[in-house]
Amino acid sequence: MSADWERRMKTYFHRIDFDKDGSITKRDFEGMAERFVESEKLDAVKGKELKDKLIKVWENYLKGVTSDGTKLTESVFVATMRKKLHDHQLKEALAGPLPLFFGAVDANGDGLIQRDEFSLFFQIIGLDPQLAPASFDAIDTNHDGQLSLDEFVEAGTEFFITQDEKSPARVFWGPLI
């Protein structure tokens, strides 16, 4: 794997380590869904659906790689993702929660995400919303000033999978650390 891919995995790790304890847990995945419900961008039913999909990623891809099944350090997470890249079901599992994120962030319900709505996505996941425009511009691959569901899901999954260091998806979760 490239150094760029490894930076992306480390970036994601730090983005979802919501309690900043240096590990990611099932609780961090649950917390991501809870943030969308708390922000009133998802109702309880959609929030549960998002939570279930995020927990499925945890259960199927991450839980079993630690000795106690509860915490992943950054190095273990990166090594696990490196091994899982060849799993033909990985892209589908990664894509699972993305339409729900999309629907939650599409505040005006027009089936597209505008720049200000993408800033809301960053805010909900705990990132500085001022970082969102650069990511938005990168993943808006047809440059029409809005993100379709396809663009959003493609960028969200390619972030984890692509080896292309020039891929716009590399900044889906914000600037790399």
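Residues numbered from 1 in each chain as written. Predicted model: local features only at pLDDT ≥ 70, side-chain atom pairs only at ≥ 80, totals over all residues. Heavy atoms only, no water.

A look at the overall build of the protein chain
Within the protein chain, the secondary structure is distributed over nine helices and four strands. Along the protein chain, helices and strands appear, N-terminal first, in the series α-β-α-α-β-α-α-α-β-α-α-β-α. In summary, the protein chain has a C-alpha radius of gyration of 15 Å against a globular reference of 16 Å for 177 residues, a match within 12%. Of the side-chain charges in the protein chain, 23 are positive and 32 negative, and the distance between the mean point of each set is 6 Å. (Helix = DSSP H or I, 4+ residues; strand = E, 2+ residues; numbered from the N terminus. Rg over C-alpha atoms; globule rule 2.2 N^0.38 Å. Lys, Arg positive; Asp, Glu negative; His and termini not counted. Charge placed at Lys NZ, Arg CZ, Asp CG, Glu CD.)

Examining the side chain of Glu158
Within the secondary structure layout, Glu158 lies in helix α9 (residues 149–161). What makes Glu158 buried here is its relative accessible area of 17%. (Buried < 20%, exposed > 50% of the residue type's maximum accessible area, 1.4 Å probe, protein only.)

Some points on helix α3 (residues 44–62)
Relative to the 27 Å expected for 19 residues at 1.5 Å per residue, α3 spans 25 Å between its end C-alpha atoms, a close match to the ideal helical length. The set of residues buried in α3 consists of Gly47, Leu50, Leu54, Ile55, Val57, Trp58, Tyr61 and Leu62. What you see down the axis of α3 is that its buried residues fit within an arc of 160 degrees, all on one side. Residues of α3 that are exposed and point more than 90 degrees away from the buried face comprise Val45, Lys48 and Lys56. Lining the buried residues of α3 we find β1 (23–25), α2 (26–38), β2 (71–73), α4 (74–84), α5 (90–95) and α6 (98–105). The N-cap of α3, judged by a side-chain oxygen 3.1 Å from the amide nitrogen of Val45 a few residues on, is Asp43. (Expected span 1.5 Å × (residues − 1). Arc of directions from axis to C-beta. Contact = heavy atoms within 4.5 Å. Polar contact = N/O pair within 3.5 Å; in protein donor to acceptor, adjacent residues only side chain to side chain.)

Observations concerning the layout of surface pockets
One number sums up the size of the largest pocket: a volume of about 170 Å³. Considering the residues around the largest pocket, the lining is formed by Lys53, Lys56, Val57, Asn60, Tyr61, Gln89, Glu92, Ala93, Gly96 and Pro97. Broken down by element, the residue count for the lining of the largest pocket peaks at five residues, all from α3. A per-class count over the lining of the largest pocket returns four nonpolar, three polar and three charged. (1 Å grid on protein atoms, 1.4 Å probe; cavity = no way out; pocket = protein on both sides within 12 Å on 5 of 7 lines; lining within 4 Å. Points joined across faces, edges and corners; volume = space filled by probe spheres on them. Nonpolar A, V, L, I, M, F, W, Y, C, P; charged D, E, K, R; others polar.)

Quick notes on the pattern of salt bridges
In total, this model carries 14 salt bridges according to the counting rule given. Its salt-bridge partner being Glu59, residue Lys26 comes within 3.6 Å of it at the nearest N-O pair. With Lys26 in helix α2 and Glu59 in helix α3, the pair connects residues that are 33 residues apart, well separated along the chain. On the basis of relative accessibility, which here comes to 32%, the residue Lys26 falls in the partly exposed class. A residue is classified by how much of its surface remains accessible, and Glu59, at 32% relative accessible area, is partly exposed. A salt bridge links Glu154 to Lys91; its shortest N-O distance comes to 3.6 Å. Of this pair, Glu154 sits in helix α9 while Lys91 sits in helix α5, placing them 63 residues apart in sequence. Since its relative accessible area comes to 33%, Lys91 is described here as partly exposed. (Salt bridge = Lys/Arg side-chain N within 4 Å of Asp/Glu carboxyl O.)

Re the confidence of the model for the protein chain
Put simply, the protein chain has an average pLDDT of 88, and 97% of its residues get 70 or more. The spread of mean pLDDT over the elements of the protein chain runs between α3, the lowest at 81, and strand β4 (residues 146–147), the highest at 96. (pLDDT = per-residue confidence, 0-100.)

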